[in-house]
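Structural description and commentary
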Amino acid sequence: TLCEQAYGIESVQLALPYNKLGYVKLHLAQYPKAVTFYEKSLDLLYNTLRSEYRSMSQSKLNYLHHSFIKGYGGYIYTLLLSNDTASAHTAKLFNYNLLGKGLVLESQASQNTAINQLTRLNERKRELQTLIQEAKENNQAASAGQWEDELAKAERSLTAILAAQGEEKKVLEYTDVKNYLSARAAAVDIIRYANPKTKKQGYVALLLKKESEYPVLIDLGTAANLDSLWYSTYTSHSHGKLKKLPD
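In short, a report on the structure. Remember, it's a predicted structure, so these values are computed and weren't measured experimentally.

Quick word on the pattern of salt bridges
Pairing between side chains becomes possible if they bear opposite charge and their charged atoms approach one another. In this structure the tally under the stated criterion is 3 salt bridges. In this structure, Lys92 engages Glu39 in a salt bridge whose closest nitrogen and oxygen atoms are separated by 3.9 Å. In this pair, Lys92 sits in helix α6 (residues 88–137) while Glu39 sits in helix α3 (residues 31–52), placing the two residues 53 residues apart along the sequence. Lys92 sits in the partly exposed class, given a relative accessible area of 27%. For Lys92, the salt bridge identified is with Asp43, shortest N-O distance 2.7 Å. Here Lys92, found in helix α6, pairs with Asp43, found in helix α3; they are 49 residues apart in sequence, far enough to count as distant. Taken together, the shared-partner salt bridges in this structure form one network comprising Glu39, Asp43 and Lys92.

What about the sheet that holds strand β1 (residues 186–194)?
For sheets, the rule is that strands pair by backbone hydrogen bonds, running either parallel or antiparallel. What the 3 strands build is an open sheet, ordered β1-β2-β3; its pairing is antiparallel. Each of the sheet's edge strands pairs with one partner strand only, and the pair in question is β1 and β3 (216–222). Between one strand and the next, the sheet's axes are offset by a mean angle of 25°, whatever the strand orientation. Summarising the sheet, β1 and strand β2 (residues 201–209) pair through 9 bridges and their orientation is antiparallel. Bridging across to β2, Val188 finds its partner in Leu207. Set on the sheet, helix α5 (residues 72–81) makes contact with β1, β2 and β3; between it and β1 the angle comes to about 110°.

Calculation rules
Residues numbered from 1 in each chain as written. Predicted model: local features only at pLDDT ≥ 70, side-chain atom pairs only at ≥ 80, totals over all residues. Heavy atoms only, no water. Salt bridge = Lys/Arg side-chain N within 4 Å of Asp/Glu carboxyl O. Helix = DSSP H or I, 4+ residues; strand = E, 2+ residues; numbered from the N terminus. Buried < 20%, exposed > 50% of the residue type's maximum accessible area, 1.4 Å probe, protein only. Pairing = 2+ DSSP bridges. Axes fitted to C-alpha atoms, helices over the stretch in contact; angles between N-to-C directions. Contact = heavy atoms within 4.5 Å.

Here it is in structure tokens:
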């Protein structure tokens with residue numbers, strides 16, 4: 001296509017056109033093609049967020065992350081319509097959701113922690129350099145040696161933090177979660193998404209068991225129904241009258 005020729009097939013600039021093509025194929029009931037285009041869009045955002053978030057401005061990072069989460073809607077709806085609820089596609093959805101809910105936020109927190117550590121160490125380094133100079137001027141060799149030892153430790157810590165900042169973080173995938181589960185345990189994640197046709201909100205669950213090859217996608221219904229049900233259940237419980245949820 002012209003966009004692919006203009007930007008290159010791995011450019012994140014293609015994420016929106018691919019998403020639009022997925023939307024068109026969805027309305028034409030061409031579900032396999034819709035899934036393919038939605039995945040192309042999400043894969044570009046996924047790979048960009050994984051590999052380039054350190055060099056991005058915060059505004060661009062926020063924009064891409066919002067686009068990534070927003071892109072779930074058409075993908076989820078298409079999988080439900082095509083009854084594709086336990087396959088490599090639901091595994092991808094699980095991976096997308098792990099990144100969308102965890103990595104960027106965790107990485108940003110990690111960066112903030114590292115910045116605070118670097119700031120404190122640099123301040124301590126300047127203090128130690130002043131103490132060493134004063135000790136030498138006052139012929140306090142023992143004190144100067146002590147401060148020099150501490151300065152060397154501070155410099156090693158600075159080097160280690162800077163090196164760690166350059167390392168690529170491991171991105172969790174559904175197989176990592178499955179390996180962590182015990183035999184009788186399961187991982188369940190609830191996703192709220194927007195139906196691209198009706199624009200209404202809905203809920204799905206991703207259920208992953210130890211023995212399952214793929215996560216199972218379960219339609220939980222509309223957000224309007226579930227939100228009101230949960231609210232009524234909560235209010236009933238708060239008055240000591242917990243209602244029995246429907247089967």
